[in-house]
Amino acid sequence: MTDTAETPAAPAIASLSFEAAMGELESIVRRLESGDVSLEESVALYERGHALRTHCEARLAAAQARIEQVSLNADGQPAGTTPFGES
């Protein structure tokens with residue numbers, strides 16, 4: 001299975017929310033750790049898991065880029081915003 005392969009049980013990764021992708025990734029990890037899947041299925045699960053991880057990382061990076069940090073002036077009043085991670 002590749003990033004673009006879809007089945008009724010495996011929707012397109014790009015259409016998944018962060019939470020849905022993370023939930024599916026956790027399910028894949030549990031299945032792989034159980035050892036109850038064939039080698040071929042393990043490889044397919046690993047490929048999908050890798051694509052889900054990449055998708056989650058991209059979603060997190062996009063969210064982080066949108067977060068702004070409120071800066072306060074000497075009186076403790078909001079003075080503006082700066083991008084996340086900058087002080």
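Predicted model, so just to flag it, every value in this text is computed and none were measured.

A. Structural view of the confidence of the model for the protein chain. For the protein chain, the average pLDDT comes to 83, and 79% of its residues sit at 70 or higher. Across the protein chain, the element-wise mean pLDDT spans from 68 in strand β1 (residues 68–72) up to 97 in helix α1 (residues 18–34). Throughout residues 1–8 the model reports pLDDT below 50, and contacts reaching past four residues in sequence, or to other chains, amount to 11 contacts.

B. How the structure looks around the nonpolar core. Ranked by size, the top nonpolar core spans 10 residues in total: Ile13, Leu16, Ala21, Leu25, Ile28, Val37, Leu45, Ala51, Leu52 and Cys56. No other element matches the 4 residues that helix α2 (residues 39–66) contributes to this core. When sequence neighbours within four positions are dropped, the list of residues in contact with Leu52 reads Ile13, Leu16, Ala21, Glu24, Leu25 and Ile28.

Calculation rules
- Per chain, residue numbering runs from 1 following the sequence as it is written.
- Per-residue local features are limited, in this predicted model, to residues with pLDDT of at least 70; the limit for side-chain atom pairs, both in listing and counting, is 80 or more; totals at the level of whole chains, interfaces and linings are taken over all residues.
- No hydrogens and no water enter the side-chain calculation; it runs on all heavy atoms of the structure.
- Per-residue confidence from the predictor is reported as pLDDT, a score between 0 and 100.
- Labels follow the DSSP assignment, with helices taken as runs of H or I lasting at least four residues and strands as runs of E lasting at least two, numbered in each case from the N terminus.
- Note on contacts: a residue pair is in contact if any heavy atoms of the two residues lie within 4.5 Å.
- In this description, a nonpolar core means a group of buried Ala, Val, Leu, Ile, Met, Phe, Trp, Tyr and Cys residues linked to one another through side-chain atoms lying within 4.5 Å.
- Summary of the burial criterion: residues with accessible area below 20% of their type's maximum are buried, those above 50% are exposed, and those between are partly exposed, where the area comes from a 1.4 Å probe applied to protein chains only.

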